[in-house]
Amino acid sequence: VQLQASGGGLVQAGGSLGLSCAASARTFVLYTISWFRQAPGEDRAFVATISGNGDRQYYADSVKGRFTISRDNAKNTVYLQMNSLKPEDTAVYYCAAKVGQLFRPAYSPKQYNSWGQGTQVTVSS
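Throughout what follows, the structure given in this document is the object of discussion.

Calculation criteria
- Residues numbered from 1 in each chain as written.
- Predicted model: local features only at pLDDT ≥ 70, side-chain atom pairs only at ≥ 80, totals over all residues.
- Heavy atoms only, no water.
- Helix = DSSP H or I, 4+ residues; strand = E, 2+ residues; numbered from the N terminus.
- Buried < 20%, exposed > 50% of the residue type's maximum accessible area, 1.4 Å probe, protein only.
- Polar contact = N/O pair within 3.5 Å; in protein donor to acceptor, adjacent residues only side chain to side chain.
- Contact = heavy atoms within 4.5 Å.
- Pairing = 2+ DSSP bridges.
- Axes fitted to C-alpha atoms, helices over the stretch in contact; angles between N-to-C directions.
- Salt bridge = Lys/Arg side-chain N within 4 Å of Asp/Glu carboxyl O.
- Core = buried A, V, L, I, M, F, W, Y, C linked by side-chain atoms within 4.5 Å.

### Let's talk about the side chain of aspartate 89
Positionally, aspartate 89 belongs in the loop between strand E8 (77–82) and strand E9 (91–99). The buried category is assigned to aspartate 89, whose relative accessible area is 0%. Of the polar contacts made by the side chain of aspartate 89, one reaches the side chain of arginine 66; its length is 2.8 Å. Aside from chain neighbours lying at most four places away, what touches aspartate 89 is Arg37, Arg66, Phe67, Ser84, Val121 and Val123.

If you want it as structure tokens, here you go:
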């Protein structure tokens, strides 16, 4: 599956941004989609994940209550709504996909075999 992430930008602390991840898969509902982020000098870190039919979502503790992941399978797209942004949210955000009929949260980048190109999110203080 090919993934295309978009929607990053520059925002002030406390502001909001929405990211999108468009996929090329014919059977999109079979794919778990997650967002990861990578700040300069740091490892790629899990942000949020959503099951194929969208009924389950999991978040990193650092974004819980501020970020919301959702999906529209009719549009083959997953979204990440980011509210109350903080300077420490600054990173390149990547969407990633793993196929499987049974949903199990996967928090390691090594568990994903398809990645989008990344989109920069910068939060100024």
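### Here's the deal with the sheet that holds strand E1 (residues 3–6)
The sheet built from four strands is open, its strands ordered E1-E3-E8-E7 with antiparallel pairing. Of all the strands in the sheet, just E1 and strand E7 (67–72) have a single pairing partner and so form its edges. Strand-to-strand twist in this sheet, taken as the mean axis angle between neighbours without regard to direction, amounts to 15°. In this structure, E1 lies alongside strand E3 (residues 17–23), joined through four bridges in antiparallel fashion. Bridge pairing links leucine 3 to alanine 23 in E3.

### Details of the pattern of salt bridges
A full pass over the atoms with the stated rule returns three salt bridges. For lysine 64, the salt bridge goes to aspartate 61, with nearest N and O atoms at 3.0 Å. Each member of the pair, lysine 64 together with aspartate 61, is exposed. Taking the shortest distance from any N to any O, the salt bridge between aspartate 89 and arginine 66 comes out at 2.8 Å. One end of the pair, aspartate 89, is in the loop between E8 and E9; the other, arginine 66, is in the loop between strand E6 (57–59) and E7, and 23 residues separate them in sequence. Taken together, the salt bridges that share partners define one network made up of Arg37, Arg66 and Asp89.

### Notes on the nonpolar core
In this structure, Trp35, Leu80, Met82 and Tyr93 are the most contacted members of the largest nonpolar core, which totals 36 residues. Elements with a minimum of two residues in this core: E1, E3, strand E4 (31–38), strand E5 (45–50), E7, E8, E9 and strand E11 (119–124). Per element, the largest residue contribution to this core is five residues, and it comes from E9.

Remember that the coordinates give geometry; whether it matters functionally is a separate question.
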